[in-house]
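Survey of secondary and tertiary structure
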Amino acid sequence: MNAVRLPTQRLAARARRPLWISCEGINGVGKTTVTRALAARIGERCLLLDELTDQGKETLPGRVIAALAAQGDVFLRTGHPAVETLALLALKVRETERLAGRADVPEVVLEDRGLDSVAVYQAAILGAHQPENDPRDVARHVLATMTPWRHSPDATVLLSGDHRQCTQRFAQRIGRTLTARDVQIIECVDALYADLAAAEPGRYRVIDTTGRPVEEVVAEAALVIEDVARQKETDHAA
Ligand SMILES: Nc1ncnc2c1ncn2[C@@H]1O[C@H](COP(=O)(O)OP(=O)(O)O)[C@@H](O)[C@H]1O
Ligand SMILES: Cc1cn([C@H]2C[C@H](O)[C@@H](COP(=O)(O)OP(=O)(O)O)O2)c(=O)[nH]c1=O
């Protein structure tokens, strides 16, 4: 396993903020697999932030997610998408506040699904309720709403892939058949990610996973992190 080569000086000490990399993409594209492998390569300098959906059931986020998932929907839908969106955003703010309060601020934070996930999934879900609103505007609006509350990541690795294949893997993982409407949401999410990536090419790094082994995808993502870390050092020195 190749280690990720980061600058030798403590990144967090110099910048007072961790190098923040989020990983995004549709269900089943490989985010969890890739972020876990990257965290292992970076080692103890890295904190892996799990998906909101993977929080312990006894924690506040775990309880909120359990409530949003209680109806057994594939997405976090209870029929009140605006409220769900605000709840999910609040949990994301809470996550950063807790991190900022830690004595041992990590040098690198690797986030399996960040704010962009909330923006695109909730925009797709809200779009089904409010056809008069363009989901692209809603996604951008959600992100803009969060600017006073959370910094943008230093980079967002967007894993892209064949959505049919990804959806199949996802359905297999959860042991369910997705309805045509569920698939429509995933297609909408896919398009919204592409739209955000095109609007912010400086932050988004798109990695196509189609037909590529995990190791190759991880190696490319590791290069992105090294590049962003170097860039941050250069900016800091300037
Ligand atoms: N590049 C890849 N090629 C083939 N299978 C992959 C690849 N990346 C991930 N997988 C597999 O696809 C499934 C979904 O991956 P996962 O990391 O859980 O996706 P996500 O977190 O994006 O939903 C897992 O079974 C994983 O082993
Ligand atoms: C972040 C977020 C996720 N979701 C959905 C996406 C997923 O279908 C589900 C669970 O997320 P997750 O476990 O992250 O999915 P995966 O591992 O397949 O990528 O919640 C929403 O509906 N709204 C949101 O704001």
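Numbering of residues starts from 1 in each chain and follows the order in which that chain's sequence is written. The naming scheme follows written order: chains are lettered A onward, ligands numbered 1 onward. Only residues with pLDDT of 70 or above have their local features reported here, since the model is predicted, and side-chain atom pairs are shown and tallied only from 80 upward, although totals for entire chains, interfaces and linings are computed over all residues. Excluded from the side-chain calculations are hydrogens and water; all other atoms, namely the structure's heavy atoms, are used.

1. A few points about the site of ligand 2
Here a residue is considered near a molecule or strand provided that any single heavy atom belonging to it is located within 4 Å of it. Neighbouring ligand 2 are 17 residues, the closest being Lys 31, Glu 51, Thr 53, Arg 113 and Gln 122. One nitrogen or oxygen atom from the side chain of Asn 27 is found 2.8 Å from an oxygen atom belonging to ligand 2. For ligand 2, whose unbound accessible area comes to 550 Å², protein coverage reaches 93%. When residues of the shell around ligand 2 are traced back to their parent elements, those giving at least two are helix H5 (115–129) and helix H7 (163–174). Along the lines of polarity and charge, the residues of the shell around ligand 2 split into eight nonpolar, five polar and four charged. Between N or O atoms, a polar contact is any pair within 3.5 Å; within protein, one atom must be a potential hydrogen donor and the other a potential acceptor, and residues adjacent in sequence are included only when both atoms are from side chains. Where accessible areas are quoted, they stem from the Shrake-Rupley method and a 1.4 Å probe; at the residue level, only the protein chains shown are allowed to cover. Secondary structure elements follow DSSP: runs of H or I of four or more residues count as helices, runs of E of two or more count as strands, with numbering from the N terminus. Residues were grouped as follows: Ala, Val, Leu, Ile, Met, Phe, Trp, Tyr, Cys and Pro as nonpolar; Asp, Glu, Lys and Arg as charged; and all remaining residues, including Gly, as polar.

2. Digging into the site of ligand 1
Taken together, 13 residues are adjacent to ligand 1, and Gly 28, Lys 31, Thr 32, Thr 33 and Arg 212 come closest. Here Arg 173 contributes a side-chain N or O atom positioned 3.1 Å from an oxygen atom of ligand 1. When contributions to the shell around ligand 1 are tallied by element, the ones reaching two or more residues are helix H2 (31–42) and H7. Sort the elements by how many residues they give to the shell around ligand 1 and H2 lands first, with three residues.

3. Looking at the nonpolar core
To form a nonpolar core, buried Ala, Val, Leu, Ile, Met, Phe, Trp, Tyr and Cys residues must be joined to one another through side-chain atoms within 4.5 Å. Only protein chains enter the calculation, and the probe is 1.4 Å; a residue is then buried if its accessible area is under 20% of its type maximum, exposed if over 50%, and partly exposed in between. Ranked by internal contacts, the top residues of the largest apolar core, which has 63 residues, are Ile 21, Ile 26, Leu 38, Leu 159, Val 189, Tyr 193 and Ile 225. With nine residues, H5 is the single largest residue contributor to this core. Only heavy atoms enter the contact rule, under which two residues are in contact if any of them lie within 4.5 Å. Leu 159 has contacts with Cys 23, Glu 24, Gly 25, Val 29, Gly 30, Lys 31, Val 34, Ile 207, Thr 209 and Val 217, leaving out every residue within four places of it along the chain. In terms of nonpolar packing, the next biggest core, distinct from the first, is built from five residues, Trp 20, Leu 47, Leu 49 and Val 109 among them.

4. Looking at the sheet that holds strand E2 (residues 46–49)
Whether two strands pair comes down to DSSP finding at least two bridges between them. If you trace the five strands from one edge of the open sheet to the other, you get E2-E3-E1-E4-E5, paired in parallel fashion. With one partner strand each, in any of the chains shown, E2 and strand E5 (204–208) form the two edges of the open sheet. Strand-to-strand twist of the sheet, defined as the mean angle between neighbouring strand axes without regard to direction, takes the value 20°. Pairing geometry for strand E4 (residues 155–160) and E5, over five bridges, is parallel. Looking across to E5, one finds that Leu 159 is bridged to Ile 207. Fitted lines through C-alpha atoms serve as axes, helices being fitted only where they are in contact, and the angles separating the N-to-C directions of these axes extend from 0 to 180 degrees. Lying on the sheet, H2 is in contact with strand E1 (19–24), E2, strand E3 (108–112) and E4; it crosses E3 at an angle near 165°. Strands E1, E4 and E5 of the sheet are contacted by helix H8 (residues 180–199), whose axis makes an angle of about 130° with E5.

5. A short note on the UniProt feature "domain: Thymidylate kinase-like" (unreviewed entry) in the chain
UniProt positions are given in the numbering used here, feature names are shortened, and annotations may be inferred rather than shown by experiment. If you check UniProt for "domain: Thymidylate kinase-like" (unreviewed entry), the listed places come out as residues 24–220 in our numbering. Here residues 24–220 is 54% helix and 11% strand, with 15 Å between the C-alpha atoms at its ends.

6. Concerning the pattern of salt bridges
Salt bridge, as applied in this entry: a Lys or Arg side-chain nitrogen positioned within 4 Å of an Asp or Glu carboxyl oxygen. As enumerated under the stated definition, the model contains 20 salt bridges in all. For Asp 104, the salt bridge goes to Arg 102, with nearest N and O atoms at 3.1 Å. Within this structure, Lys 92, Glu 95, Glu 111 and Arg 150 form a network of salt bridges that share partners.

7. Remarks on helix H6 (residues 135–145)
Every buried residue of H6 is listed here: Val 138, Ala 139, Val 142 and Leu 143. Viewed end-on, H6 has its buried residues packed into an arc of 135°, placing them on one side of the element. Tucked inside the fold, the buried residues of H6 contact helix H4 (81–100), H5 and H8. As used here, the arc is the angular range of directions from the helix axis to the C-beta atoms.

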